[in-house]
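# Summary of structural features
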Amino acid sequence: QAQLVESGGGTAQPGGSLKLSCTISGGDDAFTLYSNDWYRDRPGKDRQLLARIPETGPPHYAESVKGRFTISRDSARSASYLEITNLNLDDTALYLCYVEAAQRGERRRHYWGYGIQVTVSS
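Residues numbered from 1 in each chain as written. Predicted model: local features only at pLDDT ≥ 70, side-chain atom pairs only at ≥ 80, totals over all residues. Heavy atoms only, no water.

### A look at the pattern of salt bridges
The test is simple: A pairing counts as a salt bridge when a side-chain nitrogen of Lys or Arg comes within 4 Å of a carboxyl oxygen of Asp or Glu. What counts as a helix is a DSSP run of H or I of at least four residues, what counts as a strand is a run of E of at least two, and both are numbered from the N terminus. Relative accessibility decides the category of a residue: with a 1.4 Å probe and only protein chains considered, values under 20% of the type maximum give buried, values over 50% give exposed, and everything between is partly exposed.
Taken as a whole and assessed by the stated rule, the structure comprises nine salt bridges. Salt-bridge contacts for Asp 29 lead to Arg 104; the nearest nitrogen and oxygen are separated by 3.4 Å. Of this pair, Asp 29 sits in the loop between strand S3 (18–25) and strand S4 (31–41) while Arg 104 sits in the loop between strand S9 (93–103) and strand S10 (109–112); the two residues are 75 residues apart in sequence, bridging distant segments of the chain. Residue Asp 29 is classed as partly exposed on the basis of its relative accessible area, which comes to 30%. Look at Arg 104 and you get exposed, because its relative accessible area is 68%. Where Asp 91 meets Arg 40, a salt bridge forms, and the shortest distance between an N and an O atom there is 2.9 Å. A residue pair is termed long-range when its members are at least 10 positions apart, and Asp 91 in the loop between strand S8 (79–84) and S9 and Arg 40 in strand S4 qualify at 51 residues. Of the two residues, Asp 91 and Arg 40, neither departs from the other in class, the shared state being buried. Look at the salt bridges and you will find they share partners, linking Arg 40, Arg 68 and Asp 91 into a network.

Structure below.
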């Protein structure tokens, strides 16, 4: 059974940086990622789409995070990354990865990760 697991979170100071990773694994074959998104959940707020790499075309970003967030993908590792710079207190959240992926010969499916906590604190 496929699992999507995030890593790289933790506690950081304002002004610092973090790079979150998200890797899908399971079964005998590697996964092909078709699209991947990063979201975050903050207390009292709706889930926010932060960045997306579509199947074709350039990445998209929420206006509020442009310039500080960078999404990338390593197809060979079936991994997605989200780099956050100049962290501020509002970045404290549970960050979640969401991908559309498939193994060879299988149909595409969507997967959510379990989430990784990022806490920004001085």
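### Observations regarding the environment of Arg 42
Which entries qualify depends on this criterion: By the convention used here, residues are in contact when the closest approach between their heavy atoms is within 4.5 Å. Pairs of N or O atoms within 3.5 Å make up the polar contacts considered here, provided that, within protein, one atom can donate a hydrogen while the other can accept it, and that residues adjacent in sequence are counted only when both atoms are side-chain atoms.
Relative to the helices and strands, Arg 42 is located in the loop between S4 and strand S5 (48–53). Note: C-alpha distance between Arg 42 and Arg 104 (62 residues apart in sequence) is 36 Å. Once residues lying within four places of it in the same chain are set aside, the contact partners of Arg 42 are Gln 48, Asp 90, Thr 92 and Ala 93. A distance of 3.1 Å separates a polar atom in the side chain of Arg 42 from the backbone oxygen of Asp 90.

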